[in-house]
Structures are given as C-alpha cells and as structure tokens.
Amino acid sequence: MSRRSTDRPRRRLRVVSGALPDDLYDYIPPDEIGRPAPPIGRPPKHDVESWTVTDDWPERVPVTEAEIDLFEAWFGDIFDELFGPSR
C-alpha cells in the first residue's frame with residue numbers, strides 16, 4: 001500500500017526571533033521622502049454636497065464601427081430592453 005502525502009510526518013518550522021535589519025526590502029520610511037505616513041483606521045466620511053462635477057467631454061465623441069459592434073455583441077440584449085429592438 002502506498003503512502004499518501006497526508007500520511008507524511010509534518011516537519012516543524014524553526015522560528016528564529018530577533019531584530020530585523022533596518023534595510024529590509026530597501027524601503028524608505030515615509031518621513032524621509034517628505035510625505036507623511038498614511039493615516040491608520042477608517043477614512044473620513046466625505047461630504048458629497050461640496051463635490052464639484054466638471055464635464056470636459058466634447059459635444060460629439062468619436063466612436064469606431066468596431067466599438068459599436070463590440071457593444072452590440074456584449075450588451076445587445078440590454079440595449080433592446082432599454083431602447084426597444086433595433087429596426
């Protein structure tokens with residue numbers, strides 16, 4: 001009878017404790033690059049009343065035939081529900 005991988009004795013990992021080197025992964029602490037460290041915890045709630053929406057799209061947005069075909073292939077059923085069947 002063959003042994004399964006689950007029948008193998010488990011090896012114990014040896015944990016070595018101690019201080020990590022200061023240059024682990026060569027990261028630069030945030031205070032040394034001129035930016036503060038990101039805040040810890042939940043972000044503040046945003047007041048949507050103070051948001052400003054700017055529309056800088058042109059009046060007519062150019063669309064290629066390939067883009068139209070792609071949207072009709074993937075979303076044709078939804079377009080038919082929203083706008084009625086195509087003629």
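Everything below is about the structure shown above.
Basis of the calculations
Residues numbered from 1 in each chain as written. Predicted model: local features only at pLDDT ≥ 70, side-chain atom pairs only at ≥ 80, totals over all residues. Heavy atoms only, no water. Helix = DSSP H or I, 4+ residues; strand = E, 2+ residues; numbered from the N terminus. Buried < 20%, exposed > 50% of the residue type's maximum accessible area, 1.4 Å probe, protein only. Phe/Tyr/Trp six-rings, centres within 6.5 Å; stacked < 30°, edge-to-face > 60°. Expected span 1.5 Å × (residues − 1). Bend = angle between axes of the 7 residues up to and from the residue. Patch = residues over 30% accessible without salt bridge, like charges linked within 9 Å, V, L, I, M, F, W, Y side chains within 5 Å. Areas by Shrake-Rupley, 256 points an atom, 1.4 Å probe, with all protein chains shown as cover. Salt bridge = Lys/Arg side-chain N within 4 Å of Asp/Glu carboxyl O.

### Some thoughts on the overall build of the protein chain
Part 1 of the reasoning: Looking only at helices and strands, the protein chain has one helix and zero strands in total.
Part 2 of the reasoning: Counting the 87 residues in the protein chain, one finds 1% classified as buried.

### A closer look at the packing of aromatic side chains
Part 1 of the reasoning: One pass over the structure, following the stated rule, counts three aromatic pairs.
Part 2 of the reasoning: Here F71 and F75 contribute two aromatic rings whose centre-to-centre distance is 5.6 Å and whose plane-to-plane angle is 35°, an arrangement assigned as tilted. Separated by four residues within a single helix, F71 and F75 lie in helix α1 (residues 65–83), roughly one turn from each other.
Part 3 of the reasoning: A relative accessible area of 36% means that F75 is categorised as partly exposed.
Part 4 of the reasoning: Note on F79 and F83: the rings are 6.3 Å apart at their centroids and 40° apart in plane angle, and the pair reads as tilted. Here F79 and its partner F83 are both found in helix α1, four residues apart, which amounts to about one turn of the helix.
Part 5 of the reasoning: One aromatic cluster is present, built from ring pairs that chain together F71, F75, F79 and F83.

### Side note on α1
Part 1 of the reasoning: Along its 19 residues, α1 runs just 20 Å from first to last C-alpha, ending more than 12% under the 27 Å computed at 1.5 Å per residue.
Part 2 of the reasoning: Largest kink in α1: about 80°, centred on F75.
Part 3 of the reasoning: Phi turns positive, to about 90°, at G84, one or two residues after α1.

### Quick notes on a nonpolar patch on the surface
Part 1 of the reasoning: Side chains of L70, F71, W74, F75, I78, F79, L82 and F83 sit close together on the surface and give an oily, nonpolar patch of about 930 Å² of accessible area.
Part 2 of the reasoning: With a relative accessible area of 31%, F79 lands in the partly exposed category.

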